[in-house]
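Close look at the chain arrangement
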Amino acid sequence: MPDVFVSPNSPEQKSSHSRFSSFNLYPKNIGFETKDDNEKIILMLRQHPIINIKWIAVTLLLLTGPTILNALGVFLLLPTGFPLVITLAWYLVTSAYAIEGFLNWYFNVFFITTDGIVDVDFFNLIDKRISEADLDKIQDVTYTTKGVLGTMLNYGDVQVQTAAEITEFKFESVPNPEKVAKILDDLTDKH
Amino acid sequence: MTTGFNTWILIKALALVLLAMYLIFAFVVTRQVKLMTRTLHLGFDAPAKFLAYFHLAFAVLVFFAALIIL
């Protein structure tokens, strides 16, 4: 079976990186706060784009709200000015929901670097958590593909057991979980 | 009739309070984006900041619209 992981110094390495991709091998011009100067990013992952379907569907439904209220005659019961303000406020909340949905997907990422694994999470608007584990601390890597959609679109969870402070890392709903697990296995074997 | 008038004034005041609180939320979103772009360098700083400031500007617009129209 051919090696999935090729040493970062190898001329064979190929970069695959696009702005909205969920699986970026040897991404260029990206980084994170705690990255060392000589540390190279081998793989950057975020959740499979299909995960976005939930907030996109809800946003589309919410966009129809004012039209439905108008069709039901609710606005006719209100004094002048209220329908316009309610409509604007409705679209404002809808835009916030969509923006949050997108940003949460885009900025919650996982990195596999030459030094280890990094999980970056943002939650509660102003909190962030960066979990890191060195490659030599990785003990076990398992992956699961769940459900019809996961099997069809080839995405799933990759669980990494470590001897670091944080004993378990879970890369949720990432594309090509088998390939991710293989890359991690290859890296830990070489380490 | 006076009671009805007072009710709508109360609703207007409540709407303005809610929208003022929303302004704070919109401002926090801009801080959140700043934190995200400072933590991760993904080459998406400008569009992410644009989204956050667009949302804040929209919130300010709705607040003033409510203040003037209601």
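Rules and cut-offs
Residues numbered from 1 in each chain as written. Chains lettered and ligands numbered in written order. Predicted model: local features only at pLDDT ≥ 70, side-chain atom pairs only at ≥ 80, totals over all residues. Contact = placed C-beta atoms within 7 Å. Helix = DSSP H or I, 4+ residues; strand = E, 2+ residues; numbered from the N terminus. Nonpolar A, V, L, I, M, F, W, Y, C, P; charged D, E, K, R; others polar. Pairing = 2+ DSSP bridges. Core = buried A, V, L, I, M, F, W, Y, C linked by C-beta atoms within 7 Å. Buried ≥ 20, exposed ≤ 12 C-beta atoms within 10 Å, placed from the backbone. Axes fitted to C-alpha atoms, helices over the stretch in contact; angles between N-to-C directions. Parallel < 35°, antiparallel > 145°, perpendicular 65-115°, else oblique. Left-handed = near helix turned anticlockwise from the far one by under 90°. pLDDT = per-residue confidence, 0-100. Domains from an automatic or database assignment.

**Describing the interface of chain A and chain B**
Residue-level contacts link 26 residues of chain A with 27 residues of chain B. Listing elements by their share of the side of chain A that touches chain B, those giving two or more residues are β2 (31-32), α3 (82-107) and β5 (116-123) of chain A. If you tally residues by element for the side of chain A that touches chain B, the top one is α3 of chain A, at 12 residues. Here the residues of the side of chain A that touches chain B are counted per class, giving 19 nonpolar, 4 polar and 3 charged. Pairing between β2 of chain A and strand β1 (residues 40-41) of chain B: 2 bridges, direction antiparallel. By the bridge assignment, Gly31 of chain A is partnered in β1 of chain B with His41 of chain B.

**Focus on the nonpolar core**
Proteins that are soluble and globular tend to have nonpolar side chains buried together. Core analysis: the biggest nonpolar cluster contains 48 residues, and Leu43, Leu45, Val109, Phe111, Val180 and Leu184 of chain A have the highest contact counts within it. Here this core takes 7 residues from helix α2 (residues 45-69) of chain B, the largest share from any one element. Once residues within four sequence positions are removed from consideration, Val180 of chain A is found in contact with Leu43, Leu45, Tyr143, Val158, Phe171 and Val174 of chain A.

**Points about unusual backbone geometry**
One non-glycine residue, Ser173 of chain A, lies in the positive phi region at around 50 degrees. With respect to the element layout, Ser173 of chain A can be found in strand β9 (residues 168-175).

**Side note on the packing of α3 of chain A against α2 of chain B**
Here α3 of chain A crosses α2 of chain B at 165 degrees, and the two axes come no closer than 10 Å. As summarised for this structure, α3 of chain A and α2 of chain B are arranged roughly antiparallel, according to the angle between their axes. The way α3 of chain A lies across α2 of chain B gives a crossing that is left-handed. Between α3 of chain A and α2 of chain B, the residues in contact are Leu84, Val85, Leu88, Ala89, Leu92, Ser95, Ala96, Ile99 and Leu103 of chain A and Ala48, Leu51, His55, Phe58, Ala59, Val62, Ala65, Ala66 and Ile69 of chain B, respectively. Each residue belonging to the contact of α3 of chain A with α2 of chain B can be placed in one class, and the counts come to 16 nonpolar, 2 polar and no charged.

**Examining the confidence of the model for chain A**
Residues of chain A with pLDDT of at least 70 account for 91%, and the chain-wide mean is 89. Of all secondary-structure elements in chain A, the lowest mean pLDDT belongs to strand β6 (residues 127-134) of chain A, at 91, while helix α1 (residues 53-63) of chain A reaches the highest, 97.

**Some thoughts on the environment of Ile68 of chain A**
All names here are of chain A. By secondary structure assignment, the location of Ile68 is in helix α2 (residues 65-71). A count of 10 C-beta atoms within 10 Å places Ile68 in the exposed class. Between the C-alpha atoms of Ile68 and Ser95, which are 27 residues apart in sequence, the distance is 18 Å.

**Regarding the pairing of β5 of chain A**
All names here are of chain A. Among the 8 residues that make up β5, 6 are buried, leaving the element largely enclosed by the rest of the structure. In the sheet, strand β4 (residues 109-113) pairs with β5 via 4 bridges, with the strands oriented antiparallel. Counterpart to Val109 in the pairing with β5 is Val120. Counting the residues that bridge the hairpin from β4 to β5 gives 2 residues. As judged from the 8 bridges shared by β5 and β6, these two strands associate in the antiparallel manner. Bridge pairing in β6 links Ile117 to Ala133.

**Thoughts on the confidence of the model for chain B**
Averaged over chain B, the pLDDT score is 91; the fraction of residues at 70 or greater is 93%. Helix α1 (residues 2-39) of chain B is the least confidently modelled element of chain B, averaging 90 in pLDDT, while α2 of chain B averages 96, the highest of any element.

**Side note on the domain arrangement of chain A**
We note that the domain assignment places domain 1 (23-47 + 108-190) and domain 2 (53-103) within chain A. Computed over C-alpha atoms, the centres of domain 1 of chain A and domain 2 of chain A are 37 Å apart.

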